[in-house]
Amino acid sequence: SNTQVGTWITSSNSNIIRNVKSTSNNDVGFYFVDSFFNNLTNINSSYNSGEGALIFSSGLNIFNNLTMNSNVRKGIWMSSSYSNEFNSLKMDSSGMEAIFIDALSNSNNNLFKDVLITNTNLAYKDLVFNNAGIIGTQFSDVVKIGKYGFTGNGQKITVKKTGTGEIKFLDDINGVGQDFSEE
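Sequence order sets the numbering: in each chain, residues are counted from 1 along the sequence as written. With the structure being a predicted model, the display of local features is reserved for residues of pLDDT at least 70 and the display and counting of side-chain atom pairs for 80 or more, all residues being used for whole-chain, interface and lining totals. Excluding hydrogens and water, the side-chain figures rest on all heavy atoms present in the structure.

A. The arrangement of the overall build of the chain in detail. Helix and strand counts for the chain come out as zero helices and 15 strands. Viewed in the frame of its principal axes, the chain has a C-alpha envelope of about 45 × 35 × 35 Å. Note on exposure labels: buried denotes an accessible area under 20% of the residue type's maximum, exposed denotes more than 50%, and partly exposed covers the range between, all computed with a 1.4 Å probe on protein chains only. The burial tally for the chain puts 49% of its 183 residues in the buried class. The contact rule is simple, with two residues in contact once any of their heavy atoms fall within 4.5 Å. Pairs at least 24 residues apart make up 44% of the contacts formed inside the chain by residues separated by at least 6 positions. Carbon and sulfur atoms make up 48% of the accessible area of the chain, which totals about 8400 Å². Each charge class in the chain can be summarised by its mean position, and for the 13 positive and 16 negative side chains these summaries are 4 Å apart. Only runs of H or I of at least four residues qualify as helices and only runs of E of at least two qualify as strands under DSSP, and these elements are numbered from the N terminus. In these tables, accessible area is a Shrake-Rupley quantity obtained with a 1.4 Å probe, and a residue counts as shielded only by the protein chains included in the view. Neither His nor the chain ends is counted toward charge; the positive residues are Lys and Arg and the negative residues Asp and Glu. Note that the charge is assigned to NZ on lysines, CZ on arginines, CG on aspartates and CD on glutamates.

The following block contains the structure:
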């Protein structure tokens, strides 16, 4: 527990970071900014008064086994961050959006694999693309993502399920839906 941010990583490159527990903070649990080529494993950022994780201006990172539960605001807020890989992401009871992708400049080519989102506040969505023109986002072997929204002119995404196939949207898609996992 901390008065503001639990774990703050800024301008940190090419590290291996394991077994971080950042819970019950008065703001953000895990703040990650201007950092590249890192490998992070077993991150638990839960019960924070703000976001579970803020990821700004960072790219080419691998996040494995993330748990983001019962954060008051967003589970993950990612902005201007590209080519990151999220493997085994479990999020429960986000107070606002579970995954919120913002593109002040470039939030392209991120991969979300093995994602399970449950019990997001009913007034919000599990997945939101907040700006048009985000391209190359991939979702692979999604277990559960419920309500979703693609803003403006849309985004280009790929959805893949091992053993079933792959759908790659070559044109921008937009709109909202009730069950990303099934639609």
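B. Broad picture of the nonpolar core. By size, the foremost hydrophobic cluster in this structure holds 35 residues, and its most contacted members are Phe30, Ile76, Leu89, Ile99, Phe112 and Phe139. Tyr31, Val33, Leu54 and Phe56 belong to the second largest nonpolar core, which has six residues in total. What we call a nonpolar core is a set of buried Ala, Val, Leu, Ile, Met, Phe, Trp, Tyr and Cys residues that are connected through their side-chain atoms within 4.5 Å.

C. Main features of the confidence of the model for the chain. Averaged over every residue, the pLDDT of the chain is 93; the share at 70 or more is 97%. Mean pLDDT across the elements of the chain ranges from a minimum in strand S13 (residues 148–161), with 89, to a maximum in strand S8 (residues 85–92), with 97. On a scale of 0 to 100, pLDDT captures the predictor's confidence in every residue.

D. Inspection of the packing of aromatic side chains at higher detail. Aromatic contacts are taken between Phe, Tyr and Trp rings whose centres are within 6.5 Å, Trp giving its six-membered ring; a plane angle under 30 degrees counts as stacked, one over 60 as edge-to-face, and the others as tilted. With the rule as written, the count across this model stands at 16 aromatic pairs. Arranged with centres 4.8 Å apart and planes meeting at 5°, the rings of Phe63 and Phe86 form a pair that is stacked. With a gap of 23 residues between them, Phe63 in strand S6 (residues 62–69) and Phe86 in strand S8 connect regions that are remote in the sequence. This pair shows no difference in class: Phe63 is buried, exactly as Phe86 is. Between Phe112 and Phe139, the ring centres sit 5.6 Å apart and the planes meet at 15°, which makes this aromatic pair stacked. Residue Phe112 is found in strand S10 (residues 111–118), and its partner Phe139 is found in strand S12 (residues 135–140); the two are separated by 27 residues along the sequence. Judged by relative accessible area, Phe139 falls into the buried class, the value being 1%.

E. Spotlight on unusual backbone geometry. One non-glycine residue with positive phi stands out, namely Ser83, at about 50°. Position of Ser83 among the secondary structure elements: in the loop between strand S7 (76–79) and S8.

F. Just the pattern of salt bridges, in detail. A carboxyl oxygen of Asp or Glu within 4 Å of a side-chain nitrogen of Lys or Arg is what we treat as a salt bridge. Counting across every chain of the model gives five salt bridges. In this structure, Asp27 and Arg73 form a salt bridge, with 2.6 Å as the shortest nitrogen-oxygen distance. One end of the pair, Asp27, is in the loop between strand S2 (16–21) and strand S3 (30–33); the other, Arg73, is in the loop between S6 and S7, with 46 residues separating them in the sequence. We note a salt bridge from Lys156 to Asp172, for which the minimum N-O separation is 3.3 Å. Highlighted residues: Lys156 in strand S13 and Asp172 in the loop between strand S14 (165–168) and strand S15 (173–177), separated in sequence by 16 residues. Among the residues examined, Lys156 registers a relative accessible area of 30% and is labelled partly exposed. One salt-bridge network, held together by shared partners, links Asp27, Glu51 and Arg73.

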